[in-house]
Amino acid sequence: MLISIEWIRSMLPQLAEESPSHVAEQLTTLGLEVEGLTSLSEALEGVVVGHVLQVAPHPKADRLKVTTVFDGREQHTVVCGAPNVAEDQKVAFATIGTTLPNGLSIEPRKIRGVASAGMLCAFSELGLSGDDAGIIVLPAATGVGCSVSEVLGRTDCILELGITPNRADAFSHLGVARDLAALNGYALPDIRSGVEHTHSSAASDQVRVTLHDKEGCTFYAARVLDGVQLGPSPAWVQDRLRALNQRPISNVVDATNMVLLECG
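### A short note on the overall build of the chain
Summing up its helical and strand segments, the chain has seven helices and eleven strands in all. Against the 2.2 N^0.38 benchmark of 18 Å for 264 residues, the chain shows a C-alpha radius of gyration of 23 Å, more extended than a compact globule. Here the C-alpha coordinates of the chain stretch approximately 70 × 50 × 30 Å along the principal axes. Looking at the chain residue by residue over its 264 residues, the buried ones come to 39%.

Structure below.
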């Protein structure tokens, strides 16, 4: 199971000054064995925000483009096959010498006779889940030369826990935080949403739940939410999901995944 250090710290601010390795040691002491610790920013070292200045057809390949990319210090010629590359975009640019999470080493090379120095990246090439129809296009206001790990919220450390079947209570961030709180004498995390009822009528006036197997399912609850507009989630939600290898889909779907990851 994957656990976000930043997410745990949001529940237990007392751990803000503790290193990820110290938290990992505490979890292993508690019986929640840490099998791996990954720094997301280290995995994207060498990938910066590039500014696409020019896009021209490749002289020898119809599906390739020859781009000029500025990395904040100098310009580079980069051959790109993404269908969505265009002038004046801010993109994820892997510089020469970078090793991507998929193991690809970025070196100067010739592609169909044109020298290419660097790579414009899609989500999958950075080990992220997302739309792979083309390269990552960042907001126009993104600063050129900035670390892509910071822009995409990849500053977290992720712990891989080996949870045994008898510890189903720890299959969530809340469960893990509860154990850490008990070990350190912290107050238990409070994740109540603070959502207030705004309607006097009961949910049962609009929807009914019928239990056909009362032994297999002793209780089932439903709540009606109205006025919801389907759309993309806020950036912080998308960042948190991607950090745990989940693909953001929409605010409604992402909310259910967030709840699952947070409290099981």
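That covers the picture; the talk isn't over yet.
### Comments concerning the pairing of strand 11 (residues 157–162)
As paired strands, strand 1 (residues 2–4) and strand 11 are joined by three bridges and run antiparallel to one another. In the strand pairing of strand 11, Leu 2 is matched with Glu 160. Pairing of strand 2 (residues 33–39) with strand 11, which is carried by six bridges, proceeds in the antiparallel orientation. Across the sheet, Ser 39 pairs through a bridge with Cys 157, a residue of strand 11.

### A short note on the side chain of Thr 98
Summarising the element assignment, Thr 98 is placed in the loop between strand 6 (90–94) and strand 7 (109–111). Under the relative-accessibility criterion, Thr 98 is labelled buried at 3%. For Thr 98, the side chain forms a polar contact with the main-chain oxygen of Thr 95, separated by 2.9 Å. Aside from chain neighbours lying at most four places away, what touches Thr 98 is Glu 45, Gly 46, Val 47, Leu 104, Ser 105 and Ile 106.

### So, the sheet that holds strand 11
Within the open sheet, the three strands sit side by side as 1-11-2. Their pairing is antiparallel. Every other strand in the sheet has two partners, leaving strand 1 and strand 2 as the edge strands with one partner each. Neighbouring strand axes in the sheet, compared pairwise and without regard to direction, differ in orientation by 30 degrees on average. Relative to strand 2, helix 2 (residues 20–29) is tilted by about 165 degrees, and along the sheet it contacts strand 2 and strand 11.

### Comments concerning the packing of aromatic side chains
According to the stated counting rule, one finds zero aromatic pairs in the structure shown. A cation over a ring is seen here: Arg 240 above Trp 7, with NZ or CZ 4.7 Å from the ring centre.

### Focus: helix 7 (residues 251–263)
End to end, helix 7 covers 18 Å across 13 residues, agreeing with the expected 18 Å (1.5 Å per residue, within 8%). The complete set of buried residues in helix 7 reads Asp 254, Met 258 and Leu 261. Viewed end-on, helix 7 has its buried residues packed into an arc of 70 degrees, placing them on one side of the element. Residue Gly 264 follows helix 7 closely and has a positive phi angle near 80 degrees.

### Here we look at unusual backbone geometry
The phi dihedral of Asp 88 is positive, around 70 degrees, even though this residue is not glycine. By secondary structure assignment, the location of Asp 88 is in the loop between strand 5 (75–80) and strand 6. Non-glycine residue Asn 245 carries a positive phi angle of around 65 degrees. Following the sequence through the fold, Asn 245 ends up in the loop between helix 6 (235–243) and helix 7. Relative accessible area serves as the criterion here: at 49%, Asn 245 is assigned to the partly exposed category.

Scoring rules and cut-offs
- All residue numbers refer to positions counted from 1 along the written sequence of the respective chain.
- In keeping with the model being predicted, local features are shown solely for residues with a pLDDT of at least 70 and side-chain atom pairs are shown and tallied solely at 80 or more, while totals for entire chains, interfaces and linings include all residues.
- Excluding hydrogens and water, the side-chain values take into account all heavy atoms of the structure.
- Numbering of helices and strands runs from the N terminus, with a helix taken as a DSSP run of H or I at least four residues long and a strand as a DSSP run of E at least two residues long.
- Computation of the radius of gyration draws on C-alpha atoms, with the globule rule given as 2.2 Å multiplied by the number of residues to the power 0.38.
- Relative accessibility thresholds used throughout: buried, under 20% of the residue-type maximum; exposed, over 50%; partly exposed, between the two (1.4 Å probe, protein chains only).
- Pairing between two strands requires that DSSP report at least two bridges joining them.
- Under this definition, polar contacts are N or O atom pairs within 3.5 Å; protein pairs additionally need one hydrogen-donor-capable and one acceptor-capable atom, and for neighbouring residues in sequence, both atoms have to be side-chain atoms.
- For this analysis, residues touch if any pair of their heavy atoms sits within 4.5 Å.
- Whenever a helix is involved, its axis is fitted only over the stretch in contact; in every case the axis is a line through C-alpha atoms, and angles between N-to-C directions fall within 0 to 180 degrees.
- Aromatic rings from Phe, Tyr and Trp, with only the six-membered ring used for Trp, were paired whenever their centres fell within 6.5 Å, and each pair was classed as stacked if the ring planes differed by under 30 degrees, edge-to-face if by over 60, and tilted otherwise.
- We call a charge positioned above a ring when the Lys NZ or Arg CZ atom is no farther than 6 Å from the ring centre and deviates by at most 35 degrees from the ring normal.
- Helices are assigned an expected span. That span is 1.5 Å times one less than the residue count.
- Along the arc lie the directions from the helix axis toward the C-beta atoms.

Interpretation in functional terms is not warranted from these geometric data alone.
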